[in-house]
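Residue-level structure breakdown
Okay, here's what each chain looks like letter by letter:
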Amino acid sequence: MESRSPSIACIGIIGRHNNPLHISLLPVTGQDGQPNQERNRLEYTFMLNSSLDIFEARMPSKTVGHDFGLLHALDEPIALYGWLTNTGVKLIIVVDMGGRTAQTAEAGKTAILGLRTSDLTPAFQALQTAYIRLLRNPFYVPDDHDPRTTKLRGSLEITSSRFIKEVERIGRTWYPGITAI
Amino acid sequence: MASSSKAARLGEEVWKSRVDKINAEVLTLTYGTIVAQLCRDLTLPATANKTDYAAVNAELDRMGYNIGLRLIEDFLAKSNTGTCSSFRETAEVISKVGFKMFLNVVPQVTNWQGVEGKPQAFGLVFEENPLAEFVEYPDDGRAQDELWYSNILCGVIRGALEMVQMQIEAHFVTDVLRGNDTTEMRVTLVRYIEDEMPPDDE
């Protein structure tokens, strides 16, 4: 039986008023690194939704930094990590502890030992960089932070293909211990 | 070519000592907002939402023309270049001194066409375009084929050269934002403008 190691299952970007801006799902990969099982979108949407309450709950007390670390461990093997930016945009990464085949023996052990929060920092930083890049595109209209205008304008989901590809690349190339994506 | 290296040195020297500089991100974001706003304001006659990209291109060219008329004075004062002896030299000065001074990029002069006396044209290939960093065209299917994002530069060159008695025509032929490999602008000399007497003058 091959040993498994953690991989990112889903990346969610939620706007200031808890409106989803983008959700990326990454499949479970099998023996040869090829995806062999798709994930259920609805299930992951619910998970992201439930993690929003944790942001609310911890908001007053978290004065320093923006890394919320481990939000919630949902019956192994799923764990959710979150990062709040100063503008209220939340970046959430869902990690599947058995999401891919272990490349090396040490990687296989991580699945048993668990992840450190700092393992995900490079992924969050890369996500933040991608989001900033997206904001610099003059044709992208950013989230207005006001629910009334949102009702008038409709969904503000991110449609930029470059951003979506970058998010998927971050999700695919991350592994525990990576220093920079 | 001797004149091109002289121009290159002049451009470098003017850039280092005689120009004020601003943050490149401020310029990129400001220009981006202008183009995005034009796309929102100029719509096709019968519709409310579909951008008229031809009108946006024309407007950017017009804006560039007005900038060029004024910019040439500043350029001549700071760089102290004399009159160019040929169109070829004009091209070198534009690319190595002009663009270097104002945008800190040096486009390559390529694809020369014609000799003295016959219509002359050259191409300017931009390896990097500070106006268009991080820009992605909107996804409405038509922007890819119709919008020239940096069209203001064509207007600038047209306006500037008109003030030194050259009538030229400039337009973009390829653009990396559209998916091509390079960004190239073609500049064609139409004629040298002689001082003309006003009509009805005795």
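Our subject in this report is the structure included herewith. The shown structure was predicted, so the numbers you read here are calculated from the model rather than taken from an experiment.

Quick look at the overall build of chain B
- Each helix and strand counted, chain B has six helices and four strands in total.
- N-terminal to C-terminal, the α/β element order of chain B is α-α-α-α-β-β-α-α-β-β.
- Rg of the C-alpha trace for chain B: 18 Å, near the compact-globule value of 17 Å for 202 residues, within the 12% margin.
- For chain B, the proportion of its 202 residues judged to be buried stands at 44%.
- Counted over contacts in chain B with a minimum sequence separation of 6, partners at least 24 positions apart contribute 60%.
- Only carbon and sulfur atoms are counted for the fraction: they give 52% of the accessible area of chain B, which is about 11,100 Å².
- Within chain B, one finds 19 positive and 32 negative side-chain charges whose respective centroids are separated by 5 Å.

A closer look at the interface of chain A and chain B
- Each partner contributes residues to the interface: chain A has 10 residues there, and chain B has 18 residues.
- Buried surface at the junction of chain A and chain B, both sides included, amounts to about 1,200 Å², of which 58% is carbon and sulfur.
- Of all residues in chain A, Arg-136, Pro-138 and Phe-139 of chain A give up the largest surface area on contact with chain B, accounting jointly for 63% of the area buried on that side.
- Considered class by class, the residues forming the side of chain A that touches chain B number three nonpolar, four polar and three charged.

Overview of the pattern of salt bridges
Residues and elements named next belong to chain B.
- Going through the model one piece at a time under the given rule, you end up with 13 salt bridges over all chains.
- When the shortest N-O distance is used, the salt bridge between Glu-92 and Lys-96 registers 3.0 Å. A residue pair is termed a helical-turn pair when its members lie 3 or 4 positions apart in one helix, as Glu-92 and Lys-96 do in helix 4 (residues 87-103) at four residues. No difference in accessibility class separates Glu-92 from Lys-96, as the two residues are buried.
- Taken together, the shared-partner salt bridges connect Glu-12, Lys-16 and Lys-100 into one network.

Some points on the state of the cysteines
Residues and elements named next belong to chain B.
- Scanning the model with the defined rule gives zero disulfides over all chains in all.
- The thiol of Cys-39 is unpaired, and the distance to the nearest cysteine sulfur, on Cys-154, comes to 16 Å.
- Judged by relative accessible area, Cys-39 falls into the buried class, the value being 7%.
- Judged by its relative accessible area of 0%, Cys-154 falls in the buried class.

Some remarks on the environment of Phe-122 of chain B
Residues and elements named next belong to chain B.
- Relative to the elements of secondary structure, Phe-122 occurs in strand 2 (residues 121-126).
- Separated by 43 residues in sequence, Phe-122 and Gln-165 place their C-alpha atoms 18 Å apart.
- Apart from the residues lying within four places of it in its own chain, the contact partners of Phe-122 are Phe-87, Ala-91, Val-109, Thr-110, Asn-111, Trp-112, Met-185, Arg-186 and Val-187.

What to know about helix 3 (residues 53-79) of chain B
All names here are of chain B.
- Here helix 3 spans 36 Å end to end across 27 residues, near enough to the 39 Å set by a 1.5 Å rise per residue.
- Residue Leu-71 marks the point of greatest curvature in helix 3, where the axis turns by about 35°.
- After helix 3 finishes, the residue Asn-80 shows a positive phi value of roughly 55°.

Concerning the sheet that holds strand 2 of chain B
Residue and element names in this part refer to chain B.
- What the four strands build is an open sheet, ordered 1-2-4-3; its pairing is antiparallel. The open sheet has two free edges, formed respectively by strand 1 (108-113) and strand 3 (166-174), since each of these has just one partner strand. Strand-to-strand twist in this sheet, taken as the mean axis angle between neighbours without regard to direction, amounts to 25°.
- Where strand 1 and strand 2 come together, four bridges link them in antiparallel fashion. Residue Thr-110 lies in a different strand from strand 2, and its bridge partner there is Gly-123.

So, the nonpolar core
- Phe-139 of chain A together with Phe-99, Tyr-149, Leu-153 and Met-185 of chain B are the most contacted members of the largest nonpolar core, which has 40 residues in total.
- Those elements giving two or more residues to this core turn out to be helix 2 (24-41), helix 3, helix 4, strand 2, helix 6 (152-162), strand 3 and strand 4 (183-192) of chain B.
- Among residues more than four places away in sequence, those in contact with Phe-99 of chain B are Ile-94, Asn-104, Val-105, Pro-107, Leu-124, Phe-126, Leu-153 and Ile-157 of chain B.
- Core analysis: the second largest hydrophobic core is formed by 29 residues, Leu-115, Ala-123, Leu-127 and Phe-163 of chain A among them.

What to know about the side chain of Asp-175 of chain B
Residue and element names in this part refer to chain B.
- If you trace the backbone, Asp-175 turns up in the loop between strand 3 and strand 4.
- Despite its burial, Asp-175 pairs with no opposite charge, the nearest such side chain being Arg-178 at 5.8 Å.
- Not counting residues up to four positions away in its chain, the partners in contact with Asp-175 are Tyr-137, Trp-148, Tyr-149, Asn-180, Thr-182 and Thr-183.

Thoughts on the packing of helix 3 of chain B against helix 6 of chain B
Residue and element names in this part refer to chain B.
- Between helix 3 and helix 6, the least distance of the axes is 6 Å, while the angle of their chain directions is 40°. Viewed along their axes, helix 3 and helix 6 adopt a mutual orientation that is oblique. Considering the relative orientation of helix 3 and helix 6, their crossing is right-handed. Listed contacts from helix 6 to Leu-60, Asp-61, Met-63, Gly-64, Tyr-65, Ile-67, Gly-68, Leu-69, Leu-71 and Ile-72 of helix 3 are Ile-152, Cys-154, Gly-155, Val-156, Arg-158, Gly-159, Ala-160 and Glu-162.
- Here the contact of helix 3 with helix 6 is composed, by residue class, of 11 nonpolar, four polar and three charged.

Conventions we followed
Residues numbered from 1 in each chain as written. Chains lettered and ligands numbered in written order. Predicted model: local features only at pLDDT ≥ 70, side-chain atom pairs only at ≥ 80, totals over all residues. Heavy atoms only, no water. Helix = DSSP H or I, 4+ residues; strand = E, 2+ residues; numbered from the N terminus. Rg over C-alpha atoms; globule rule 2.2 N^0.38 Å. Buried < 20%, exposed > 50% of the residue type's maximum accessible area, 1.4 Å probe, protein only. Contact = heavy atoms within 4.5 Å. Areas by Shrake-Rupley, 256 points an atom, 1.4 Å probe, with all protein chains shown as cover. Lys, Arg positive; Asp, Glu negative; His and termini not counted. Charge placed at Lys NZ, Arg CZ, Asp CG, Glu CD. Buried area = accessible area lost by both parts, 1.4 Å probe. Nonpolar A, V, L, I, M, F, W, Y, C, P; charged D, E, K, R; others polar. Salt bridge = Lys/Arg side-chain N within 4 Å of Asp/Glu carboxyl O. Disulfide = S-S within 2.5 Å. Expected span 1.5 Å × (residues − 1). Bend = angle between axes of the 7 residues up to and from the residue. Pairing = 2+ DSSP bridges. Axes fitted to C-alpha atoms, helices over the stretch in contact; angles between N-to-C directions. Core = buried A, V, L, I, M, F, W, Y, C linked by side-chain atoms within 4.5 Å. Parallel < 35°, antiparallel > 145°, perpendicular 65-115°, else oblique. Left-handed = near helix turned anticlockwise from the far one by under 90°.

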